[in-house]
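Remarks on the overall topology
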Amino acid sequence: MPRDQLIGGTMPTMNRRRFIAGVGAAVAGITLLEVVEACASDSTGVVSSTVTGALRGSVVDMNGRAQGIGRIYLLQKNGLSPGTYADVDSTGQFDFGQVATGEYLLRYWGSNQADVPEPLVNPVRIAVAAGAATVFQFRVVVSTTAHPDREIYAGDFFFQEQPAGTPNGTVVVPIGTVVCWYNVGLVPHTVSGGPWGDSGPIAHDGNFMWTSNQLGTFSYRCTYHGTEMIATLQVVP
Ligand SMILES: [Cu+2]
């Protein structure tokens, strides 16, 4: 079906300006985004494949001083990282440019030189609105001591090592490493099957930690989503 026929048939009174005005107030779902695409090329002559908003921000320490350390990852709202990132520049700024509207998670990664301290949230949930700038400031603690922990996200519905692991892949850690599974998803998950036994339900924003005290290759899974969420932890000397 030709695109203009679809537009005329389903949305005779909709124009792009009116749609953009409304999209900021709505929760952007897939249906909404499809409508945006259908509306994006219209009689005003404005042509774009998706509606976007700017996404940028800064990194400061707890005293408000700019810190040019690290990298910001842009995750999908279910916590999955497709590998999209922006480096923090020497003045502490990061800039993703124009991003498709919708909900995301934004994660700070400090390359063992800085961390977002508890109880500050990392990753943080954001919503990119059409035609507006979404600006977020991360507050971090700069530390010269290495941060040896390994973090694996349990999302909806996958395990993924941070900041750039393969979903449901194998994570290799030296013995004695503290491994932290963090539920970045919206529903409960478990980490079950390794020498640690069973984490039990981990709520949204909750975590389970295990200090690797046994060599071996351990398959583990989420008991609720065992066919989708299955991954491997390998502990080496
Ligand atoms: Cu699960």
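In what follows, the structure referred to is the one given above.
These remarks concern the structure in this document. No experiment lies behind these values; they were computed from the predicted model shown.

The rules behind these values
Residues numbered from 1 in each chain as written. Predicted model: local features only at pLDDT ≥ 70, side-chain atom pairs only at ≥ 80, totals over all residues. Heavy atoms only, no water. Donors = N, O, S within 2.8 Å, 3.2 Å for Na, K, Ca; no water. Tetrahedral: all angles 85-135°; square planar, octahedral: opposite > 155°, others 65-115°. Helix = DSSP H or I, 4+ residues; strand = E, 2+ residues; numbered from the N terminus. Buried < 20%, exposed > 50% of the residue type's maximum accessible area, 1.4 Å probe, protein only. Pairing = 2+ DSSP bridges. Axes fitted to C-alpha atoms, helices over the stretch in contact; angles between N-to-C directions.

For the rest of this paragraph, the subject is the coordination of the copper ion. Around the copper ion, the protein contributes the donor atoms His189 (ND1), Cys222 (SG), His225 (ND1) and Met229 (SD), at 2.0 to 2.7 Å from the metal centre. Every donor counted, the four donor atoms about the copper ion form angles of 86 to 136° at the centre, which fits irregular coordination. Ordering the donors of the copper ion by residue number gives the pattern H-x32-C-x2-H-x3-M. Here methionine 229 lies in the loop between strand 14 (216–221) and strand 15 (230–236) and histidine 189 lies in the loop between strand 12 (178–183) and strand 13 (207–211), a separation of 40 residues in the sequence. The class for histidine 189 is buried, based on a relative accessible area of 0%. What makes methionine 229 buried here is its relative accessible area of 0%.

Another aspect to go through is the sheet that holds strand 5 (residues 102–109). The pairing of strands in a sheet happens through backbone hydrogen bonds and is either parallel or antiparallel. Ordered by their spatial adjacency, four strands build an open sheet running 3-2-5-7, and the pairing between neighbours is antiparallel. Since the sheet does not close on itself, it has two edges, and those belong to strand 3 (84–87) and strand 7 (124–128), each with one partner. When strand polarity is set aside, the average angle formed by the axes of neighbouring strands in this sheet is 30°. Relative to strand 3, strand 2 (residues 71–76) is paired through four bridges, and the arrangement is antiparallel. Note on strand 3: the bridge partner recorded for isoleucine 72 is alanine 86.

Another point: the sheet that holds strand 9 (residues 150–155). With respect to topology, four strands assemble into an open sheet ordered 10-9-12-13, the strand pairing being mixed. A single partner strand is all that each edge strand has here, and the edge strands are strand 10 (158–161) and strand 13. Across the sheet, the mean angle separating the axes of adjacent strands is 20° when strand polarity is ignored. Summarising the sheet, strand 12 and strand 13 pair through five bridges and their orientation is antiparallel. Across the sheet, residue valine 178 finds its bridge partner in strand 13, namely threonine 211.

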